[in-house]
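Chains, contacts and geometry: an overview
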Amino acid sequence: MTIPAIPALVYHGTSHAFDRFDPRHLGRSVRNPTTEFGFFFSEDGEDAEYWAHRAARYGRSGGAPRLITAA
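Let us look at the structure shown here. On a predicted model such as this, the values are computed, not experimentally measured, just so you know.

With that settled, consider the overall build of the protein. Across its full length, the protein holds one helix and two strands. Considered along the principal axes of its C-alpha atoms, the protein spans approximately 40 × 20 × 20 Å. Within the protein, buried positions represent 25% of all 71 residues. Within the protein, counting contacts between residues at least 6 apart in sequence, those at least 24 apart form 71% of the total. Entry remark: accessible area of the protein is about 5,600 Å², with carbon and sulfur atoms responsible for 55%. In the protein, 8 side chains carry a positive charge and 8 a negative one; their mean positions are 12 Å apart.

Here is the structure:
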């Protein structure tokens, strides 16, 4: 079994303004129970941007789409 390499950069799409990933806020983004399982990242910035726009449109924050780059 081969373990995949960890990407150097990952992206997180959101409509919330925050400066750290805090597990106390899991499940507050969109109306989907899977958001309570953890923080979701993508290796593809365009994919994360899609989710940022979706969160802004259908989410609970009322904020603008935001793309976070994490290393």
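The structure having been displayed, the exposition proceeds.
All right, on to a negative patch on the surface then. A cluster of acidic residues, Glu43, Asp44, Glu46, Asp47 and Glu49, forms a negative patch at the surface. Examined against the element boundaries, Asp44 turns out to sit in the loop between β1 (10–14) and α1 (45–58). Given a relative accessible area of 39%, Asp44 falls into the partly exposed group.

If you trace the backbone, Thr14 turns up in strand β1. At a separation of 3.0 Å, a polar atom in the side chain of Thr14 contacts the main-chain amide nitrogen of His16. Other than its neighbours up to four places away in sequence, Thr14 contacts Ala52, Ala55, Ala64, Pro65, Arg66 and Ile68.

A word on the side chain of Ser42. Checked against the element boundaries, Ser42 lands in the loop between β1 and α1. At a separation of 3.1 Å, a polar atom in the side chain of Ser42 contacts the side chain of Asp47.

Attention shifts here to the pattern of salt bridges. Tallied over the full model, the rule gives two salt bridges. Of the charged contacts, one joins Asp22 and Arg20 as a salt bridge, the two residues approaching to 3.7 Å between their closest N and O atoms. Close ionic contact of Arg24 with Asp22 constitutes a salt bridge, the shortest N to O distance being 2.6 Å. Residue Arg24 is classed as exposed on the basis of its relative accessible area of 62%.

Moving on, we get to the environment of Gly62. With respect to the element layout, Gly62 can be found in the loop between α1 and β2 (66–70). Residue classification places Gly62 among the exposed positions, given a relative accessible area of 66%. Between the C-alpha atoms of Gly62 and Ser15, which are 47 residues apart in sequence, the distance is 7.2 Å.

Definitions and cut-offs
Residues numbered from 1 in each chain as written. Predicted model: local features only at pLDDT ≥ 70, side-chain atom pairs only at ≥ 80, totals over all residues. Heavy atoms only, no water. Helix = DSSP H or I, 4+ residues; strand = E, 2+ residues; numbered from the N terminus. Buried < 20%, exposed > 50% of the residue type's maximum accessible area, 1.4 Å probe, protein only. Contact = heavy atoms within 4.5 Å. Areas by Shrake-Rupley, 256 points an atom, 1.4 Å probe, with all protein chains shown as cover. Lys, Arg positive; Asp, Glu negative; His and termini not counted. Charge placed at Lys NZ, Arg CZ, Asp CG, Glu CD. Patch = residues over 30% accessible without salt bridge, like charges linked within 9 Å, V, L, I, M, F, W, Y side chains within 5 Å. Salt bridge = Lys/Arg side-chain N within 4 Å of Asp/Glu carboxyl O. Polar contact = N/O pair within 3.5 Å; in protein donor to acceptor, adjacent residues only side chain to side chain.

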